[in-house]
Amino acid sequence: QVRLVESGGGLVQPGGSLRLSCAASQNIISIYSMGWWRQAPGKQRELVGRFFRPDSPVYANSVKGRFTISTDNAKNTMYLQMNALKPEDTAVYYCTAYLDSGDDYWGQGTQVTVSS
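In this report, the structure presented in the accompanying data block is examined. In this text, all values refer to a predicted model and were calculated from it rather than measured experimentally.

### Considering the pattern of salt bridges
Item 1. Taken as a whole and assessed by the stated rule, the structure comprises three salt bridges.
Item 2. One salt bridge in this structure joins arginine 38 and aspartate 89, with 2.9 Å as the shortest N-O distance. One end of the pair, arginine 38, is in strand β4 (residues 33-39); the other, aspartate 89, is in the loop between β8 (77-82) and β9 (91-98), and 51 residues separate them in sequence. This pair shows no difference in class: arginine 38 is buried, exactly as aspartate 89 is.
Item 3. The partner of aspartate 89 in a salt bridge is arginine 66, and the shortest N-O contact between them spans 2.8 Å. In this pair, aspartate 89 sits in the loop between β8 and β9 while arginine 66 sits in the loop between β6 (58-59) and β7 (67-72), placing the two residues 23 residues apart along the sequence.
Item 4. With a relative accessible area of 0%, aspartate 89 lands in the buried category.
Item 5. Through salt bridges that share partners, Arg38, Glu46, Arg66 and Asp89 make up one connected network.

Structure representation (structure tokens):
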């Protein structure tokens, strides 16, 4: 079982930046796929970006060029750097892990609010 804990959410003005973190309870090198999803009020959950090892991350068109996924294997942590934030980026952001076994895990989510 993998435990995922997100942090770094908050309130930011349009055009600002935030970096979300997702700390995993195990060595993330062994995790086949990790990613970020988000859910805005009244909307379905949508993919923000994810990677399948050994490939590079892929992103939703709505965030491409503004958001970047990275990892720090020594810290067992995945990040989501969000730049040029827009009000429509407001949502609860979740990190996910998908194992070779087919099991998938979700964090508890962190709120991101983009507003002036």
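### Thoughts on the packing of aromatic side chains
Item 1. Taken as a whole and assessed by the stated rule, the structure comprises four aromatic pairs.
Item 2. With a centroid separation of 6.2 Å and 70° between ring planes, the pair formed by tyrosine 94 and tryptophan 106 is classed as edge-to-face. Remark: tryptophan 106 occurs in strand β10 (residues 104-106) and tyrosine 94 occurs in strand β9; sequence separation between them is twelve residues.
Item 3. Given a relative accessible area of 14%, tyrosine 94 falls into the buried group.
Item 4. For tryptophan 106, a relative accessible area of 35% gives the class partly exposed.
Item 5. When the ring centre of tyrosine 94 is taken as origin, the NZ or CZ atom of arginine 45, which lies over that ring, is 4.1 Å away.
Item 6. For the cation-ring pair, arginine 45 lies above tryptophan 106, with the distance from its terminal atom to the ring centre recorded as 4.7 Å.

Calculation rules
Residues numbered from 1 in each chain as written. Predicted model: local features only at pLDDT ≥ 70, side-chain atom pairs only at ≥ 80, totals over all residues. Heavy atoms only, no water. Salt bridge = Lys/Arg side-chain N within 4 Å of Asp/Glu carboxyl O. Helix = DSSP H or I, 4+ residues; strand = E, 2+ residues; numbered from the N terminus. Buried < 20%, exposed > 50% of the residue type's maximum accessible area, 1.4 Å probe, protein only. Phe/Tyr/Trp six-rings, centres within 6.5 Å; stacked < 30°, edge-to-face > 60°. Lys NZ or Arg CZ within 6 Å of the ring centre and 35° of its normal.

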